[in-house]
Each structure stands twice: as C-alpha cells, then as structure tokens.
Amino acid sequence: MTHHREHVGQVLKEWRARRRLSQLDLAFEAEISARHLSFVESGRSSPSRDMLVRLAEQLSMPARAANRLMLAAGYAPVHSERPLDAPDMAAARQAVETVVEGHMPFPALAVDRHWNVILANDAITSLLAGVSGDLLHPPLNALRLSLHPQGLSSRIVNLAEWRHHLLERLHRQVEETGDEVLCRLHAELSAYPAPKASPRAAGADPLAIPLQLRDPASGAVLSFISTTTVFGTATDVTLSELVLECFYPADAATRAALMPGTKE
C-alpha cells in the first residue's frame, strides 16, 4: 500500500496564507533568506529540523499543525500526543477535575479541540433537562447542545446575541487552526434556525456577553458570564487543545438561585 505524504512546501504555503505573510515577511521573521524559503516551498531545497521549528514559531502554528509540518518534511513530531487518561497525564487530569468539580455550584466543563465535552460538573448536567437524547450521545458537543433547536436554544433568552458570540468565536478558531472538523461544525451551526437580532437596550454596555438561560426546574432566568482557561505551558498536543469553560453568576439573582444562602 502506498501512503501519500504531504509536501512540506504545501504546508508552509497554507499557513503563510492563513497568517497573511509573504515569503519575504516570513523569511525576515525567521532570520533565513527569502531565496532559501522559496526553494523549500517549491521543493528545490530540504529544510533542517531547526529551520522548521523557527518557521512554526513565527507562523504561530498550534502544536498539532507543527507536528504536521515536521511529518511532511520527514521528521518526527516535535510535540507528544497522549490521551488524557494516560498514566503520565494524571497530574493534568487531576487539575482539570479540580477546576471543574471545584467550581460547583456554578456550571463548568472541559472540552477538546472540537468542543466535545470531556468533563462536566453537576451544575451543567442539571441545566440539560429536556434536551433531546440524540444530542446527549457521545461525543457530546457543547456548541451543538447550545444552538441546536432540540438543545438549549429554546431556553436561551438572548439567543440571537449568544449565537452570534459562539459563531464568531468558532469562526476565529477555524481561521486560527484551519481545522476541517471545526469548519464543518461552523457550517452546521450556522444553518440552524436563527432568531431575529434584537437591539440592545439603550445605554446598555455589558462587561461581557452573558448567557441568559431559563432554568428547566424553576423557570427563572439565570444569567452567566464565562471564563476560558487553557494550559499556558502545555507541550503535549492533547493538553494544549484542552479548554475549560467556567460560568459565573452575572447578577445577584442568579447567585442567589444557585447559592440559596446568599442575599441578593
């Protein structure tokens, strides 16, 4: 069986175009000659491993993409890739569990590069009451759950605003990574029924886009702001792509609903 291997020049051109850099710009930033880079991209010259490392750094290539570049040139990947349940990922896995479970009684979850849920706490689970069972089969996708007509969308009070926020964020990820799965996910979510955008109230200037979600148990509107946490020093591919989403009450009423002992 013959296996086709990408040409390193094709990968470099793709990422140069994604970063909107000319050969001259990239060569200058990587401290190599434009002529040498041109020869590498055309296949007339073979790059060294060190040169590819510099190019990947200047192109801000994610770990997975940097590995792809190395493999295209015939080198071993520069970043390891282990499953999260691997024995030597125990410390990282425990850190994720500590953040997600320790965030109770507020919702928190961890997702992989395609927004598939790796871990979620009970506060997230309680908000999924009434969601179609078809959406809850693994892999459970957080964005699909949010925007699908049979997911949470019917209970999101500010759906137009929240939908726009999620699609813009996903679009930036597609631009950043070139990931085909994310591209297809964006197309799928964009095709879901969209509400008419409602004008923001005069003078309203929120600190962050809130998620305003009707509680399936009480019917009350819960309002959340979210934070995103990543492993800033990760060198493993899996760990570098892991994202923790933690939601906090955006108003006193939501805090009181989730923490009954508190005062509004």
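All figures in this text were calculated on a predicted structure; none of them were measured in a lab.

**Observations concerning the confidence of the model for the protein**
Phase 1: Per-residue confidence for the protein gives a mean pLDDT of 91, with 93% of residues at or over 70.
Phase 2: The least confident element of the protein, judged by mean pLDDT, is helix α9 (residues 159-177) at 94; the most confident is strand β1 (residues 108-111) at 98.

**Description of the packing of aromatic side chains**
Phase 1: Under the counting rule described, the total for this entry stands at 1 aromatic pair.
Phase 2: An angle of 80° between the planes, with centres 6.3 Å apart, marks the rings of F224 and F247 as edge-to-face. In this pair, F224 is assigned in strand β4 (residues 221-230) and F247 in strand β5 (residues 243-249), connecting sequence segments 23 residues apart.
Phase 3: Given the relative accessible area of 2%, F224 is considered buried.
Phase 4: Assessed through its relative accessible area of 11%, F247 is described here as buried.

**Topic: the pairing of strand β3 (residues 211-214)**
Phase 1: Residues of β3 alternate between two faces, with L211 and L213 buried on one and Q212 and R214 left unburied on the opposite face.
Phase 2: Bridge count between β3 and β4: 4 bridges; the pairing is antiparallel. Bridging from a neighbouring strand, L213 pairs with L222 of β4.
Phase 3: What sits between β3 and β4 in their antiparallel hairpin is a turn of 6 residues, with G219 showing a positive phi close to 85°.

**Structural notes on the pattern of salt bridges**
Phase 1: In this structure the tally under the stated criterion is 13 salt bridges.
Phase 2: Among the salt bridges present, the one from D236 reaches R82, with a minimum N-O distance of 3.0 Å. Residue D236 is found in the loop between β4 and α11 (237-241), and its partner R82 is found in the loop between α5 (63-72) and α6 (90-102); the two are separated by 154 residues along the sequence.
Phase 3: With a relative accessible area of 30%, R82 lands in the partly exposed category.
Phase 4: Between R113 and E241 there is a salt bridge, and its shortest N-O distance comes to 3.6 Å. Separated by 128 residues along the polypeptide, R113 in the loop between β1 and β2 (117-120) and E241 in helix α11 bring together distant segments of the chain.
Phase 5: Overall, the relative accessible area of 18% leaves E241 in the buried class.

**Some words on helix α10 (residues 180-190)**
Phase 1: Every buried residue of α10 is accounted for by L182, L185 and L189. The buried residues of α10 all sit within an arc of 55° when viewed along its axis, so they share a single face. Residues of α10 that are exposed and point over 90 degrees away from its buried face: E180 and R184.
Phase 2: On its buried face, α10 sits against α8 (142-147) and α9.
Phase 3: By the N-cap criterion, in which a side-chain oxygen at the helix start approaches the backbone nitrogen of a residue two or three places on, α10 is capped by D179, the distance to V181 being 2.8 Å.

**Details of the packing of helix α2 (residues 23-30) against helix α4 (residues 49-58)**
Geometry of a packed helix pair, given as the angle between the helix axes and the separation of the axes.
Phase 1: Two elements in contact, α2 and α4, have axes separated by 9 Å at closest approach and are oriented at 115°. It follows that α2 is roughly perpendicular to α4 by the angle criterion. Along this stretch, α2 crosses α4, giving a crossing that reads as right-handed. Residues L26, E29 and A30 of α2 lie in contact with α4, whose contacting residues are R54, L55 and Q58.
Phase 2: Across the contact of α2 with α4, the residue classes break down as 3 nonpolar, 1 polar and 2 charged.

**Quick word on the nonpolar core**
Phase 1: Within the largest apolar cluster, 31 residues are counted, with the highest numbers of intra-cluster contacts made by W115, L143, L147, I156, L170, L189 and L211.
Phase 2: Among the elements that take part in this core, α9 stands out by supplying 6 residues, more than any other.
Phase 3: In this structure W115 touches L140, N141, A142, L143, R169, L170, Q173, L182 and E245, once residues within four positions along its chain are discounted.
Phase 4: W15, V40, L59 and A65 belong to the second-largest nonpolar core, a separate cluster that totals 21 residues.

**Overview of helix α3 (residues 34-42)**
Phase 1: Among all positions of α3, only L37, F39, V40 and E41 are buried.
Phase 2: Tucked inside the fold, the buried residues of α3 contact α1 (8-18), α2 and α4.
Phase 3: One or two residues past the end of α3 sits G43, with phi positive at roughly 90°.

Quick notes on the rules
- Residues numbered from 1 in each chain as written.
- Predicted model: local features only at pLDDT ≥ 70, side-chain atom pairs only at ≥ 80, totals over all residues.
- Heavy atoms only, no water.
- pLDDT = per-residue confidence, 0-100.
- Helix = DSSP H or I, 4+ residues; strand = E, 2+ residues; numbered from the N terminus.
- Phe/Tyr/Trp six-rings, centres within 6.5 Å; stacked < 30°, edge-to-face > 60°.
- Buried < 20%, exposed > 50% of the residue type's maximum accessible area, 1.4 Å probe, protein only.
- Pairing = 2+ DSSP bridges.
- Salt bridge = Lys/Arg side-chain N within 4 Å of Asp/Glu carboxyl O.
- Arc of directions from axis to C-beta.
- Contact = heavy atoms within 4.5 Å.
- Polar contact = N/O pair within 3.5 Å; in protein donor to acceptor, adjacent residues only side chain to side chain.
- Axes fitted to C-alpha atoms, helices over the stretch in contact; angles between N-to-C directions.
- Parallel < 35°, antiparallel > 145°, perpendicular 65-115°, else oblique.
- Left-handed = near helix turned anticlockwise from the far one by under 90°.
- Nonpolar A, V, L, I, M, F, W, Y, C, P; charged D, E, K, R; others polar.
- Core = buried A, V, L, I, M, F, W, Y, C linked by side-chain atoms within 4.5 Å.

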